[in-house]
Amino acid sequence: MSLLRYSAWRVTQALPVLVGIIAITFFLANQIPGDPVEIMLGPTPAQEQVEAIQAKYGLDRPAHERFITYLTGVATGDLGTSIYYDRPVLEMIILRLPVTLVLMLSAFAFAIITAIPLGVISAKRRNEPADHVSRIVSLIGVSTPSFWIGLVLIIVFAFHLGWFPARGLVLPWADPADVRGAATRFEVLRQAAHHLFLPMIALGTLQMAQITRIERSSMVDSLQGEYVKLARAYGVPESTIVRKHAFQVAQLPVITIVGLGLSTALGGAVLTETVFEIQGMGRLIITAINNQDYELIMGTTFMFGVAYVVGVIITDIAYAYLDPRVTYGDE
Amino acid sequence: MTEPLLSVENLKTQFFTEDGTVRAVDGISFDVHEGEIVGLVGESGAGKSVATSSILRLVESPGEVVDGEITFKGETLFGLEEGPDGEPQPSEEMLSEEEMRDDIRGNEIAIIFQDPMESLNPVFTVGGQLREFIELNRDLSTKEAEQEAIDMLREVGIPDPENRYDEYPHQFSGGMRQRVLIAMALACQPDLIIADEPTTALDVTVEGQILELVEELQEKYGTAFIWVTHDMSVVAEICDRVNVMYLGEIIEQADVDDLFYDTKHPYTQALLDSMPRPDETVEELNPIKGVMPEAINPPSGCRFHSRCPEAREVCTRVHPEPRTVAEGAVADADAPTEAAVADAATDDGERPHTVACVKYDAFDVGYDSSEPLETEATGGFSAGLTDTGGEADD
Amino acid sequence: MALGNTDTDDVPAEGADGPDEGAGEVEARVGMRYTLAQVKRDTTARIGIYIVGFITAVALFASIDYYILDYAIAEAILYDPESDPDTVRRLLPPFGMENQFGQGVLEHPLGTDHRGRDIFTRLLYGTRVAMTVGFMATTIGLVGGTLIGAVSGYYGGWIDDVLQRATETVYAIPFLVLVIAFMTAFGRDLRFAMIGVGITAIPVFNRLIRSRVVSIREEDYIEAARAAGVKDRNIILRHIIPNSFAPVLVQATLQVGVSILIVAGLSFLGFGAQPPTPSWGQMLSVSRGYMLPAPTFSVWPGLAILITVVGFNILGDGLQDALDPRINN
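Analysis parameters
- Residues numbered from 1 in each chain as written.
- Chains lettered and ligands numbered in written order.
- Predicted model: local features only at pLDDT ≥ 70, side-chain atom pairs only at ≥ 80, totals over all residues.
- Helix = DSSP H or I, 4+ residues; strand = E, 2+ residues; numbered from the N terminus.
- Buried ≥ 20, exposed ≤ 12 C-beta atoms within 10 Å, placed from the backbone.
- Contact = placed C-beta atoms within 7 Å.
- Pairing = 2+ DSSP bridges.
- Axes fitted to C-alpha atoms, helices over the stretch in contact; angles between N-to-C directions.
- Parallel < 35°, antiparallel > 145°, perpendicular 65-115°, else oblique.
- Left-handed = near helix turned anticlockwise from the far one by under 90°.
- Nonpolar A, V, L, I, M, F, W, Y, C, P; charged D, E, K, R; others polar.
- Expected span 1.5 Å × (residues − 1).
- Bend = angle between axes of the 7 residues up to and from the residue.
- pLDDT = per-residue confidence, 0-100.

1. Thoughts on the overall build of chain C
And step 1. A tally of regular secondary structure across chain C gives 12 helices and two strands.
And step 2. Listing the helices and strands of chain C from first to last along the sequence gives α-α-α-β-β-α-α-α-α-α-α-α-α-α.
And step 3. Relative to its full complement of 329 residues, chain C shows a buried share of 52%.
And step 4. Once local pairs closer than 6 in sequence are excluded, the contacts in chain C between residues at least 24 apart make up 70%.

2. Quick notes on the overall build of chain B
And step 1. On a plain count of helices and strands, chain B comes out with 12 helices and 14 strands.
And step 2. Residues counted as buried form 45% of the 394 residues belonging to chain B.
And step 3. Within chain B, residue pairs in contact and separated by at least 24 positions form 65% of the contacts whose partners lie at least 6 positions apart.

3. Some thoughts on the pairing of strand 8 (residues 109-112) of chain B
All names here are of chain B.
And step 1. The two faces of strand 8 match: Ile109 and Ile111 on one face and Ala110 and Ile112 on the other face are all buried.
And step 2. Of the strand pairs in this sheet, strand 8 and strand 9 (residues 192-196) are connected by four bridges, and their pairing is parallel. Bridging from a neighbouring strand, isoleucine 111 pairs with isoleucine 194 of strand 9.

4. Let's talk about the sheet that holds strand 9 of chain B
Residues and elements named next belong to chain B.
And step 1. Reading across the sheet, the eight strands line up as 8-9-10-3-11-12-14-13 and stay open at both edges, with mixed pairing between neighbours. The sheet is open, and its two edges are formed by strand 8 and strand 13 (323-324), each paired on a single side.
And step 2. Pairing analysis gives five bridges linking strand 9 to strand 10 (residues 224-229), with the strands arranged parallel. Among the inter-strand pairings, isoleucine 194 is bridged to a residue of strand 10, identified as isoleucine 226.
And step 3. Sitting on the sheet, helix 7 (residues 174-187) is in contact with strand 8 and strand 9, with an inclination near 180 degrees to strand 8.

5. Points about helix 8 (residues 220-227) of chain C
One turn of an α-helix holds 3.6 residues; hence residues three or four places apart share an orientation.
And step 1. In terms of residue burial, helix 8 of chain C counts as a barely covered element, since only zero of its eight residues are buried.
And step 2. One or two positions beyond helix 8 of chain C, positive phi appears at glycine 229 of chain C, with a value near 85 degrees.

6. Brief notes about the sheet that holds strand 1 (residues 6-17) of chain B
Residue and element names in this part refer to chain B.
And step 1. Spatially, 2-1-4-5 is the arrangement adopted by the four strands of the open sheet, whose pairing is antiparallel. In this open sheet, the two strands that pair with only one neighbour each are strand 2 (20-32) and strand 5 (75-78). Put simply, the sheet's adjacent strands are angled 10 degrees from each other on average, direction ignored.
And step 2. As paired strands, strand 1 and strand 4 (residues 63-72) are joined by eight bridges and run antiparallel to one another.

7. A few points about the packing of helix 5 (residues 157-172) of chain C against helix 7 (residues 190-217) of chain C
Residues and elements named next belong to chain C.
And step 1. Contact geometry of helix 5 with helix 7 gives a least axis separation of 9 Å together with a crossing angle of 130 degrees. Taken together, the axes of helix 5 and helix 7 lie oblique to each other. In this structure, helix 5 meets helix 7 at a crossing whose hand is left-handed. Between helix 5 and helix 7, the residues in contact are Thr167, Val170 and Tyr171 and Ile199, Ile202, Pro203 and Asn206, respectively.
And step 2. Broken down by class, the residue content of the contact of helix 5 with helix 7 amounts to five nonpolar, two polar and no charged.

8. Examining the pairing of strand 2 of chain B
All names here are of chain B.
And step 1. Of the strand pairs in this sheet, strand 1 and strand 2 are connected by nine bridges, and their pairing is antiparallel. Following the sheet pairing, leucine 11 is matched in strand 2 by isoleucine 28.
And step 2. Linkage of strand 1 to strand 2, two consecutive antiparallel strands, is achieved through a turn of two residues.

9. Some remarks on helix 5 (residues 89-124) of chain A
And step 1. In a regular helix each residue adds 1.5 Å, so 36 residues correspond to 52 Å; helix 5 of chain A covers 50 Å between its end C-alpha atoms and thus fits that length.
And step 2. Of all the bends in helix 5 of chain A, the greatest, near 30 degrees, is centred on arginine 96 of chain A, and the proline proline 98 of chain A appears no more than four residues after it.

10. Comments concerning the environment of proline 276 of chain C
Residues and elements named next belong to chain C.
And step 1. Within the element layout of this structure, proline 276 appears in the loop between helix 10 (245-268) and helix 11 (280-287).
And step 2. Residue classification places proline 276 among the partly exposed residues on the basis of 15 C-beta atoms within 10 Å.
And step 3. A sequence separation of 219 residues divides proline 276 from alanine 57, and the C-alpha atoms of the two residues are 22 Å apart.

11. Brief notes about unusual backbone geometry
Residues apart from glycine generally show negative phi values, whereas peptide bonds are mostly found in trans.
And step 1. The step from serine 61 of chain B to proline 62 of chain B runs through a cis peptide bond, and the omega angle for that step is 5 degrees.
And step 2. Among the secondary structure elements, proline 62 of chain B is positioned in the loop between helix 1 (48-55) and strand 4.
And step 3. We note that glutamine 292 of chain A has phi near 50 degrees; this positive angle belongs to a residue other than glycine.
And step 4. Following the sequence through the fold, glutamine 292 of chain A ends up in the loop between helix 11 (281-290) and helix 12 (294-322).
And step 5. With a phi close to 45 degrees, glutamate 197 of chain B is a non-glycine residue in the positive phi region.
And step 6. Note on placement: glutamate 197 of chain B falls in the loop between strand 9 and helix 8 (204-221).

12. A few points about the environment of phenylalanine 61 of chain C
And step 1. By the element assignment, phenylalanine 61 of chain C lies in helix 2 (residues 43-67).
And step 2. As for phenylalanine 61 of chain C and threonine 127 of chain C, which are separated by 66 residues in sequence, their C-alpha atoms are 9.6 Å apart.

13. A word on the interface of chain B and chain A
The accessible area lost on association of the parts is a frequent measure of interface size.
And step 1. Counting from both sides, the interface comprises 22 residues of chain B and, opposite them, 18 residues of chain A.
And step 2. Elements with a contribution of two residues or more to the side of chain B that touches chain A: helix 2 (97-104), strand 8, helix 3 (116-119) and helix 4 (126-137) of chain B.
And step 3. It is helix 4 of chain B that contributes the most residues to the side of chain B that touches chain A, three residues altogether.
And step 4. Each residue belonging to the side of chain B that touches chain A can be placed in one class, and the counts come to 11 nonpolar, six polar and five charged.

14. Details of the interface of chain A and chain C
And step 1. Taken together, the contact pairs 60 residues of chain A with 49 residues of chain C.
And step 2. Within the residue set of the side of chain A that touches chain C, elements represented by two or more residues are helix 1 (3-31), helix 6 (129-143), helix 7 (146-160), helix 8 (185-223), helix 10 (238-275), helix 11 and helix 12 of chain A.
And step 3. When residues in the side of chain A that touches chain C are grouped by element, the largest group, 13 residues, is from helix 10 of chain A.

15. Examining the packing of helix 4 (residues 119-155) of chain C against helix 9 (residues 232-243) of chain C
Residue and element names in this part refer to chain C.
And step 1. Direction vectors running N to C along helix 4 and helix 9 enclose 115 degrees, while the axes themselves pass 11 Å from each other. Comparing their axes, helix 9 and helix 4 come out roughly perpendicular. Considering how the two elements wind past one another, helix 4 and helix 9 form a crossing that is right-handed. Contact residues: helix 4 offers Thr146, Ala150 and Tyr154, while helix 9 offers Asp232, Ile236, Ile240 and Ile241.
And step 2. Taken together, the residues of the contact of helix 4 with helix 9 sort by class into five nonpolar, one polar and one charged.

16. What to know about the confidence of the model for chain C
Residues and elements named next belong to chain C.
And step 1. Confidence in the prediction of chain C, expressed as mean pLDDT, is 79, and 87% of residues score 70 or more.
And step 2. For the stretch residues 1-30, pLDDT sits under 50, and the model shows 60 contacts to residues farther than four places along the chain or on other chains.
And step 3. For this predicted complex, the interface confidence comes out at an ipTM of 0.87, alongside a pTM of 0.83.

Below is the structure:
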């Protein structure tokens, strides 16, 4: 099977999971106490108003019927309407998703770029000072709440030193006219980077620490591999062995951990967006919950699930691409 | 006789572990001449693989070559001299790490490892790995190296080498992978190939095929081999000369026929008794009793005495160094007792058959008058001793 | 891997799975006493034991004082961790420091919070929430995951398929989001935080147990038990689960730390322990409003979380090293 067909197969395989996610979110949203109609209309609404609203949002029909309706809606790209914003849920998501994606991607970029060298050096210099430092850093990294890192970064780098802004985010593709203090594209980019820096570190530290740990143990294993001994016995320089022979094999578990880390990072994005007051998906779901906005809660939860599933598929495909042993699922 | 290709003198490699020093290789000496296959035989843990890694200076921490001299084609792969502070330091002639890497490993001495499943890198193509090592060890362009790799794959009997060149190791069977590793070793055109139990992980039919292939190619290319194995039948099949190792020491050294038909050391005998032989009909196989002691704390005296059917009290006290012993001095009392040659290497004519066992007169430590010892092998009876009885009287 | 990465199951490079890798080799060394002896030999793991032991002791003490004595001890030797004090000195800095609200005093070594309560006392009493949640959530995940994993792995077939697809689906929703949605549906207090975090831990233990069960199922002694007519349920309970003790212990230790982190995050967002109950996450949440005038207020609860989770992590790592001789430092 080709990589392309494998990818397609992988996507179809994820469909039942997506339906499952919808079922769970639908179930949970239906358990939410309190009446959204009441929230919209106040405590003593007129009866006909209530009925009109119920009919409009389909609240008068039994749950399984509404589930089917919702499912067909999702299939056709209709995630319902946000009661709070009075706009289609999909529209809100399209507005907020890029913000979260930029945050996530930069956090993972930061994590991978710092973690891989740290892990490799740690493995190569096992039990030497460099290894101890790297291990302590990654231990603290996996043990620290990301939102607290955010708070400390704000206190030190925004309030105390004033190097970075404490809140908000500028999208790199934003129109210069909409960005305060930016006249050119370059200035927009500069502001985007400036705003992104602290949240990126806050969100990326945990990933960085986890990747460093797995990179280290994976490289340690790989460096003890028979193929490394063979390469040494054939006179391959040690630097080539580390960079090529041992490294490539060692990246396979790292890819897996990056995929699993997506779940933590998406959750972490909710916290990071709260700390830095960034209007992304994380804030959207909190707003939805605080306002008991059913369809927005379902829509955002579903999108978080989709983001994770897509991320895992991407890492799976990357794995299949890098590991020739993956049989592409045909047996 | 000409200068040996490889000469190992009194090699000692030790592992410095938390629990103490493991003397994995404890003063072994042997030679390899051009174009011959030299066996290194013994049970697992005897130090065979450590010995071969020591030759290439690939012993990994906490292991270290601590003494001895290894010369290969006149170059000193390992050698010590006394430093200004009286401590031994690497001698001036000893090749640097870079010289070992660039001039010796691969292009002069190649190696074939035990486990063909693990020895090839799973994420690179078989051809790519071959080509890389060929390019590194021979003056060939990438294109030429690729052609050489394909030719070599064909040479070792891999069908359709052009296409298999681009396949990954997991697409090859164990036997095929071992063929690839043999191709790799030969393609670098070394003068010596160290084969570290290359057929142990394979099943018997494949083993046979591989041995045949090696014999054929060895004749064609004239490469010398050090063949590490625990299997006496493999030794019988392909080796010219054999070194039997026990607990880090070589206890018997002989040409292959002498070893099989004029076996001197009780351990060698035990090894032979434990394998089926096409040339002799035996009632039943007789496995070696007991387990090899740990090299961290070897038995005193002769290290084999704890498992030796012929052990006597003196064996626990006297540690024998290998030497040539008189022809049939023990087995046949009527044979003319030649004067025992104390020292091993007499480099003219026949290569010596040396053995490290005090039961031979050459050692003259009073074996005959010593009390028989109960060991794991005698099982509480001294039957083993009386069987071989009829020792020559002084 | 969450989404049935079944096609890569034959790849040996699954080191990513943490403690369940190499699980097969530790059979002979699973004895509790052996494990403890190994852990004690390791200095770092010992530090882990000390930290976890200390925090547990403080949490027990705080629980007794809270449930039985209604903060009598706290008031006697420290301060009431919940009620506002009579003499309000808000947002004092730690002892030896100074801010716009005044000079730090020795009675409040870490300063006071926005209502004048002693931060040190609240930190100590915050251990109760952290540890309760950490242990309870882990227990829920452990029990649920073990049951599902054991049944799934032992019976295989469609039971396995259904259970595994279900846990994968739960795993596919980022767990903080899932717990938030769960708590929105059922209740925002601490009980549901524990249950919610526990549910998200189920897939972790499920995966661990299932893979072990699948490998153990074919072992000779299980075959023998089956041939001898031992009931399936008894085989699972008496043989398979005890045999998976070692990797589960490692995972559970690490999971306590993870749960504490998640619950702290939940409290930070306003889900979980509600004021005035002292909890670290909720303290951090409040401290956000005072980062400029009283920055140290934000530091202490975070440090408390960090130290506690570090304790569990190094203890877990130490256990793993002790149980899996392959990865010795």
